[in-house]
Amino acid sequence: MGNDKAWQDTDVATDFFMVLPMDEGKANEPTEIRMAYDDKNLYLLATFYHNLKGDYYVESLRRDFSFGKNDNFLLFMDPFNNQTTGFSFGANAYGAQWDGTMYNGSTVDLNWDSKWISETTRDEEKWVFEMALPFKSIRYEDGVSEWGINFSRLDLKSTEKSSWTPIPRQLPTASLAHTGTLVWDTPPPSPGLNLSLIPYVLGSVSKDVENNGDADYEVKVGGDVKFSLTSSLNLDLTVNPDFSQVEVDRQITNLDRFELFFPEKRQFFLENGDLFASFGYENIRPFFSRRIGLGVPIQAGARVSGNLNNKWRLGLMDMQTASIDEAGLPSQNFGVLSLQRKVFSRSNIGLLFVNKQSVNYTQENDSLKALYPKFNRNLGLEYNLASSDNLWNGKAFFLKSFSPNETGSGITQASHLEYKSRKWSWRIQEEWVSDDYSAEVGFVPRIGYVNLNGYVGHLFFPKGGKVLSHGPRMNATYYLDEAFDRSDNTSFLQYFVNFRNRSDLMVFVSDDYVKLLSPFDPTRLGIAQLDRGTEHQWNAVGWEYIAKPQSLFTYTFAGRLGGYYLDGNRTSLTAELGYRFQPYVSLSANLNYNRIRLPEPWNTNTFWLIGSEIDVTFTNKLFFANLFQYNEQTKNFNLNSRCQWRYSPASDLFLVYTNNYFIEPFEGRNWGLTLKFTYWFNR
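For clarity, every value in this text was computed on a predicted model and none was experimentally measured.

**Some remarks on the overall build of the chain**
A tally of helices and strands in the chain yields three helices and 38 strands. The C-alpha radius of gyration of the chain comes to 26 Å, within 12% of the 26 Å expected for a compact globule of 683 residues. By principal-axis analysis of the C-alpha atoms, the chain measures approximately 75 × 60 × 55 Å. For the chain, the proportion of its 683 residues judged to be buried stands at 52%. Of the contacts made within the chain by residues no fewer than 6 positions apart, 57% connect residues no fewer than 24 positions apart. When the accessible surface of the chain is totalled, it reaches about 30600 Å², and 56% of it is carbon and sulfur. Of note, the chain has its 66 positive side-chain charges centred 3 Å away from the centre of its 79 negative side-chain charges.

**Some remarks on the side chain of Ser503**
Here Ser503 shows up in the loop between β27 (486-499) and β28 (504-515). Exposure remark for Ser503: the relative accessible area of 1% places this residue in the buried category. When sequence neighbours within four positions are dropped, the list of residues in contact with Ser503 reads Val497, Asn498, Tyr545, Ile546, Ala547 and Lys548.

**Quick notes on the sheet that holds strand β10 (residues 126-134)**
Strand order in the open sheet formed by five strands is β1-β3-β4-β10-β9, with antiparallel pairing between adjacent strands. Both outer strands of the open sheet, β1 (12-13) and β9 (117-122), are each paired with one neighbouring strand and no more.

**Section: the pattern of salt bridges**
Opposite charge on two side chains permits pairing when their charged atoms draw close. The final tally for this structure, using the stated rule, is 25 salt bridges. Here Asp113 and Arg646 are joined by a salt bridge, their closest N and O atoms 3.8 Å apart. In this pair, Asp113 sits in the loop between β8 (107-109) and β9 while Arg646 sits in strand β35 (residues 636-648), placing the two residues 533 residues apart along the sequence. As far as the burial class goes, Asp113 and Arg646 line up, both buried.

**A word on a nonpolar patch on the surface**
The grouping of Leu316, Leu337, Ile349, Leu351, Phe353, Leu379, Leu381 and Phe402 at the surface amounts to a nonpolar patch, some 610 Å² of accessible area in total. Those elements giving two or more residues to the nonpolar patch turn out to be β20 (347-358) and β21 (375-386). For the nonpolar patch, the leading source of residues is β20, giving three residues. Within the element layout of this structure, Phe402 appears in strand β22 (residues 392-402).

**A closer look at the nonpolar core**
Across soluble globular proteins, nonpolar side chains have a tendency to be buried as a group. Counting residues in each nonpolar core, the largest one holds 34 residues, and the members touching the most others are Ile33, Leu44, Phe73, Met77, Phe89, Phe129 and Phe151. In this structure, Ile33 is in contact with Asp11, Val12, Ala13, Phe16, Leu44, Leu45, Ala46, Phe48, Phe73 and Phe151, ignoring residues within four places of it in sequence. One finds Phe269, Phe279, Ile292 and Val444 within the second-largest nonpolar core, a separate group that totals 26 residues.

**Regarding the pairing of β28**
Two strands pair when backbone bridges link them, and β27 and β28 are joined in this way by eleven bridges, in the antiparallel orientation. Looking at β28, one finds that Ser491 is bridged to Asp511. The antiparallel hairpin formed by β27 and β28 contains four residues in its connecting segment, where Arg502 sits at a positive phi of about 80°.

**Notes on unusual backbone geometry**
The omega torsion across Leu20 and Pro21 is 10°, close enough to zero to call that bond cis. Structurally, the position occupied by Pro21 is in the loop between β2 (17-20) and β3 (31-37). For the bond from Glu664 to Pro665, the omega torsion is -10°, close enough to zero to count as cis. Tracing the backbone through its elements, the reader meets Pro665 in the loop between β36 (651-662) and β37 (667-678). One non-glycine residue, Asp15, adopts positive backbone phi at about 50°. By the secondary structure assignment, Asp15 is in the loop between β1 and β2. Positive phi outside glycine occurs at Asn390, with the angle close to 70°. Relative to the helices and strands, Asn390 is located in the loop between β21 and β22.

**Section: the side chain of Gln320**
Position of Gln320 relative to the elements: it lies in strand β18 (residues 312-321). At 3.0 Å, the side chain of Gln320 and the side chain of Asn333 are in polar contact. For Gln320, the contacting residues outside a window of four places in its chain are Ile298, Gln299, Ala300, Ser331, Gln332, Asn333 and Val359.

Criteria and thresholds
Residues numbered from 1 in each chain as written. Predicted model: local features only at pLDDT ≥ 70, side-chain atom pairs only at ≥ 80, totals over all residues. Heavy atoms only, no water. Helix = DSSP H or I, 4+ residues; strand = E, 2+ residues; numbered from the N terminus. Rg over C-alpha atoms; globule rule 2.2 N^0.38 Å. Buried < 20%, exposed > 50% of the residue type's maximum accessible area, 1.4 Å probe, protein only. Contact = heavy atoms within 4.5 Å. Areas by Shrake-Rupley, 256 points an atom, 1.4 Å probe, with all protein chains shown as cover. Lys, Arg positive; Asp, Glu negative; His and termini not counted. Charge placed at Lys NZ, Arg CZ, Asp CG, Glu CD. Pairing = 2+ DSSP bridges. Salt bridge = Lys/Arg side-chain N within 4 Å of Asp/Glu carboxyl O. Patch = residues over 30% accessible without salt bridge, like charges linked within 9 Å, V, L, I, M, F, W, Y side chains within 5 Å. Core = buried A, V, L, I, M, F, W, Y, C linked by side-chain atoms within 4.5 Å. Polar contact = N/O pair within 3.5 Å; in protein donor to acceptor, adjacent residues only side chain to side chain.

Below, the structure written as structure tokens:
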């Protein structure tokens, strides 16, 4: 870190603007930001004064904390000046680090980690944050003397969120459309040779109790290589990758007719991951990286991604998986090309090509041919609209799939336009997915439909009082088949109340109609199925209350009461409870209760989903997390314990234990214990 004299000679960024509770003037809580640099690092010193006395609010020392539940500071950088992509770094008041890549103008992916150091100190009047960020840990355009930059502060004692530049309250402070300018005396140094080697070695023991398997012992070696082709374009290589340390998915009670989505958390796929993953919509994704390595080992992979210049971005990925002879699964290659061109101030046009190809394909069994086709390809073109002031956004895209037979060779088209101001917000969207469209490396849970949906909302801002804002929002979604006959629709009216202490209340009433396109068990318990073509309609009411984050005991209560299939009834209650012994221990529990009353043969069924987590952060480098999950719907009890020691920046020692049990009868299914060592070498 720099010495005191060096900080005294730098310019100081002060006079932050208030974003919340209201974006109408300067912040009340004083903030000072100083920056400096040398040929290796960018340095930052931030001082946060506060007028109100009292404890600081933090969850724990856990990395990548929840923004709204911590006194914190965040730095947002746009080193390509495209107001779309960048990096974010920061910390909470007790020193827990935050880092992520930025995309879509304001979204931060916190699953990404990089190599940097920071420290915090505190007293009754202020807290101070210092950081040193190696230039080799980020990507930027070489020779450019100005970057987009902004600073954000959340002070929970005063419930004030502030920003160095003025930002409309309806937008996140991460909005790159509203950054200021960081002017370098001379352009940041060219990183020269930037090579990182990240090897790992692990030992594990596991046992498949359910199938009476013997204990399986394994020693595994592999790793990643990162090499900067330019200051803004990176080559990533992986050999025999392992993702055993990745946090397990949180289980969900699934009463939906379609597949659920779980986000990608594997580090190799994350940097510039938006180039591949953000194409399409949430439920129309031509590429979803979790399809790669699903129940099959990845042998090796390579990826080139980043900015060619301030207008062009490139993503190129190739992954190879092994074969599984017992299942007849051939070795497969996954290739993805993404190209993006900036147009106008912040919009872009994107091209995506995805190819899944079986290698040495000699399949003669017809059933296995249908299960594992020789290839599946997707070609897509997309336009993303983003206005210069971030009030307007939109998208339009077209996809074509290619398969060995006509049943997998279809098209998809969709678009939307959205507007968000302080008081008004609305969105209109349309989708068409043909019944012969196929994206085997994507996430498209529903095909053969036309969808029209949208919403309109308004907020009122009373003068004074405990309520900061309140207002209604009307939502409607209609699904039609390709002959434009209605298959299902949902309409619901919400009312939002946002309190000045940062607690929130939402209530709703809804109307649902479903015409089943395929047989469906409304309990997903395997009891029986409703017939295809049957029609169902019901109404419901519901609510959600989120308590203020300043309390040591935090909670969220949500519920839904109303009808269900076959004129039945469904009651759903959810609670999220948390208690913290800050900054070292955070306890949390997620409770979900469903009671479904239907005619015979289903009758009345109740089931619980319980998730309980103990998160102990001894320091901001030594963590222990223990997660219990009890799911009556899937008859499974899961235990996952993970100890992580970050003994050096971006280098870790993990000890991970997992165990799954049947609930009835209570007996073991499988368990595993893994010890993994990684180290990040830099040149």
